[in-house]
Structures are given as structure tokens and as C-alpha cells.
Amino acid sequence: MAGLGGRPGGALSMRRAWRTAAGLGVGEIVLIAAGITVVAVAFQPLQLAMVRLLQSGWPDALGAGLCHARQRRRKARLERRTVLPPATGDAGKVTAAAVQRAGAASARSRPRYPLPDHLVRPTALGNVLTATFDTVGRDHG
């Protein structure tokens, strides 16, 4: 298999992986479990920091300002699609297709971006989480 980048062992095989796992002794299994536990315990305190970083916790000097502007442009583009066009035709009615398109754009925009512009975050994850937090309880007053 040419072009695999020198990966040892050739193609991946679940059968071979299962045979290897089945051939492990009790001591090896305990050692693997202990290693996984130590790594999980060591990195657990970093989970909140990592989520905050992914949702927009870095300074403007590292590009958050540019990302923020990009997310605002994307939100504005989606919001323009939610606006109904001016009424056309003899009866001055908006077509059903235009209402459907605007509704579909609104359905895409609401879970992706918070309603107030000042809450827009530099990352998609940050915007989804902020939109969720922003809409909690909104329907109930």
C-alpha cells in the first residue's frame, strides 16, 4: 500500500486489534487502566479552561477581534435572509415561498447566534452556547 506515510503494520484491521487486546495479560490491562485514569485525573481541571477557550476566551491580540467581526458578518447575512421582501403583485401580498424562505433562515439563525449583537462571540461554539443561554426562559417571560 503505497502512500500510507510509513505507518507500521499496513492497513488497519479490527480483527488484529482484537487479537492483540485478547492476548494482553492481567497486569497489562491493569497498567493500561491505571494510565488512562492518571491522564484523565491530570487533565480534568483543564476541561473548563478548554471549553472557555473554544467558546471565545482568548484575547483580541491573538485574533479574537477578527473572528468576532467575521461572526458578526455571518449573523448579519443570515438576518438579512429573515426579512420579508416588499409586497408585490396586484393584491400587495407577500408570496408563500418568500415567507417559507424567511422562516427557514430564521430557524437556522436562532440556534446559531444570540439575538443581541453585543453577545456575539468569536467562535461558532461560543455563539451556539450564548444563544442557548440567551433564550433560556425567554418564552416564559
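Residues numbered from 1 in each chain as written. Predicted model: local features only at pLDDT ≥ 70, side-chain atom pairs only at ≥ 80, totals over all residues. Heavy atoms only, no water.

## What about the packing of helix α4 (residues 64-82) against helix α5 (residues 96-112)?
With their axes 7 Å apart at the nearest point, α4 and α5 run at an angle of 150° to one another. Judged by the angle between their axes, α4 and α5 are roughly antiparallel. The element α4 and its partner α5 pack so that their crossing is left-handed. From α4, L78, R81 and T82 reach across to α5, where they touch R101, A102, A105, S106, R108 and S109. A breakdown of the residues in the contact of α4 with α5 according to their chemical character gives three nonpolar, three polar and three charged. (Axes fitted to C-alpha atoms, helices over the stretch in contact; angles between N-to-C directions. Helix = DSSP H or I, 4+ residues; strand = E, 2+ residues; numbered from the N terminus. Parallel < 35°, antiparallel > 145°, perpendicular 65-115°, else oblique. Left-handed = near helix turned anticlockwise from the far one by under 90°. Contact = heavy atoms within 4.5 Å. Nonpolar A, V, L, I, M, F, W, Y, C, P; charged D, E, K, R; others polar.)

## Structural notes on the side chain of T123
The topology assignment puts T123 in the loop between α5 and α6 (124-135). According to the relative accessible area criterion, T123 is buried, its value standing at 12%. Beyond its immediate stretch of four places on either side in the chain, T123 contacts L54, Q55, S56, W58 and Q71. (Buried < 20%, exposed > 50% of the residue type's maximum accessible area, 1.4 Å probe, protein only.)

## Considerations on the pattern of salt bridges
Taken as a whole and assessed by the stated rule, the structure comprises two salt bridges. Residue E79 is joined to K75 by a salt bridge in which the shortest nitrogen-to-oxygen separation is 3.3 Å. Here the residue E79 and the residue K75 both occupy positions in helix α4, the gap between them amounting to four residues, near one helical turn. Of the residues examined, E79 reaches a relative accessible area of 31% and is grouped as partly exposed. Across the pair D117 and K75 runs a salt bridge, and its minimum N-O distance is 2.7 Å. Of the two residues, D117 sits in the loop between α5 and α6 while K75 sits in helix α4, which places them 42 residues apart along the sequence. Exposure remark for D117: the relative accessible area of 47% places this residue in the partly exposed category. Bridged by salt links that share partners, the residues K75, E79 and D117 form one connected network. (Salt bridge = Lys/Arg side-chain N within 4 Å of Asp/Glu carboxyl O.)

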